[in-house]
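What follows is the residue order along each chain.
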Amino acid sequence: MTGNGDEPFITAVKPLVDAMGGEMLPPDEAGPDDVVLAWEGVDVVAVRLPQLADSLDHILAAMERKQGRPLADLDRKAKQEVVRILEARGAFSVRHGVETVASALGVSRFTVYNYLNREKEN
């Protein structure tokens, strides 16, 4: 990345990049799908965004950390809330998203679909 004056900017965006499961790299190493961030007209850092499936795994791991225990150990109501949050974040548009979430929650795909349908009825 570039000079020391850019450190506060890099420090500021790092938590966001980490939360997305992205990777920060020097702007001159950016590929065509990377996002280059500029500060005061100077390219400072490039962000390599994760593939969607990797993002879902990252989101599930973050939710587990936030809960302080495996998602499979949550009660039914808490699992339904997890499914609601994941749906709002687009988790089920990812290929095998339902299967991935079901596995993390320790439930069947059918149960995840039931949770999704219950949300749509309300």
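Residues numbered from 1 in each chain as written. Predicted model: local features only at pLDDT ≥ 70, side-chain atom pairs only at ≥ 80, totals over all residues. Heavy atoms only, no water.

## Examining the overall build of the chain
Then comes step 1: What the chain contains, in helices and strands, is five helices and three strands.
Then comes step 2: When its helices and strands are written in sequence order, the chain yields α-β-β-β-α-α-α-α.
Then comes step 3: Relative to a compact globule of 122 residues, whose C-alpha radius of gyration would be 14 Å, the chain shows 18 Å and is clearly more extended.
Then comes step 4: Judged by the C-alpha coordinates and their principal axes, the chain covers about 50 × 30 × 25 Å.
Then comes step 5: Within the span of the chain, comprising 122 residues, buried residues form 31% of the whole.
Then comes step 6: Taking the contacts inside the chain whose residues are at least 6 apart along the sequence as the reference set, 48% of them involve residues at least 24 apart.
Then comes step 7: With an accessible surface of roughly 7800 Å², the chain has 51% of that area assigned to carbon and sulfur atoms.
Then comes step 8: Across the chain, the 14 positively charged side chains and the 20 negatively charged ones have centroids separated by 14 Å. (Helix = DSSP H or I, 4+ residues; strand = E, 2+ residues; numbered from the N terminus. Rg over C-alpha atoms; globule rule 2.2 N^0.38 Å. Buried < 20%, exposed > 50% of the residue type's maximum accessible area, 1.4 Å probe, protein only. Contact = heavy atoms within 4.5 Å. Areas by Shrake-Rupley, 256 points an atom, 1.4 Å probe, with all protein chains shown as cover. Lys, Arg positive; Asp, Glu negative; His and termini not counted. Charge placed at Lys NZ, Arg CZ, Asp CG, Glu CD.)

## Quick notes on the UniProt feature "domain: Transcriptional regulator DauR-like HTH" (unreviewed entry) in the chain
Then comes step 1: This chain's UniProt record puts "domain: Transcriptional regulator DauR-like HTH" (unreviewed entry) on residues 56-117.
Then comes step 2: End C-alpha to end C-alpha, residues 56-117 measures 20 Å, and it is 69% helix and 0% strand. (UniProt positions renumbered as here; feature names shortened; annotations may be inferred.)

## Here's the deal with the pattern of salt bridges
Then comes step 1: Under the definition given, this model contains three salt bridges.
Then comes step 2: The shortest N-O distance in the salt bridge between Asp18 and Lys14 comes to 2.8 Å. Of this pair, Asp18 and Lys14 are both found in helix α1 (residues 7-20), four residues apart, which corresponds to roughly one turn of the helix.
Then comes step 3: For Lys14, a relative accessible area of 39% translates into the label partly exposed.
Then comes step 4: Put simply, Glu81 and Arg84 hold a salt bridge, and the shortest N to O gap is 2.6 Å. Of this pair, Glu81 and Arg84 both sit in helix α3 (residues 76-88), three residues apart, roughly one helical turn.
Then comes step 5: Of the residues examined, Glu81 reaches a relative accessible area of 35% and is grouped as partly exposed. (Salt bridge = Lys/Arg side-chain N within 4 Å of Asp/Glu carboxyl O.)

## Quick look at α3
Then comes step 1: Taking 1.5 Å of rise per residue, 13 residues should cover 18 Å, and α3 covers 19 Å from first to last C-alpha, within 8% of that figure.
Then comes step 2: Taken residue by residue, α3 has Lys79, Gln80, Val82, Val83 and Leu86 as its buried positions. All buried residues of α3 project into a common sector of 155° when viewed along the axis, lining one side. Away from its buried face by more than 90 degrees, α3 exposes Lys77 and Ala88.
Then comes step 3: Positioned one or two residues after α3, Gly90 has a phi angle of 85°, which is positive. (Expected span 1.5 Å × (residues − 1). Arc of directions from axis to C-beta.)

## Overview of the side chain of Asp34
Then comes step 1: Looking at the element boundaries, Asp34 is found in the loop between β1 (23-25) and β2 (35-39).
Then comes step 2: For Asp34, the side chain forms a polar contact with the main-chain nitrogen of Gly31, separated by 2.6 Å.
Then comes step 3: For Asp34, the side chain forms a polar contact with the side chain of Arg48, separated by 2.7 Å. (Polar contact = N/O pair within 3.5 Å; in protein donor to acceptor, adjacent residues only side chain to side chain.)

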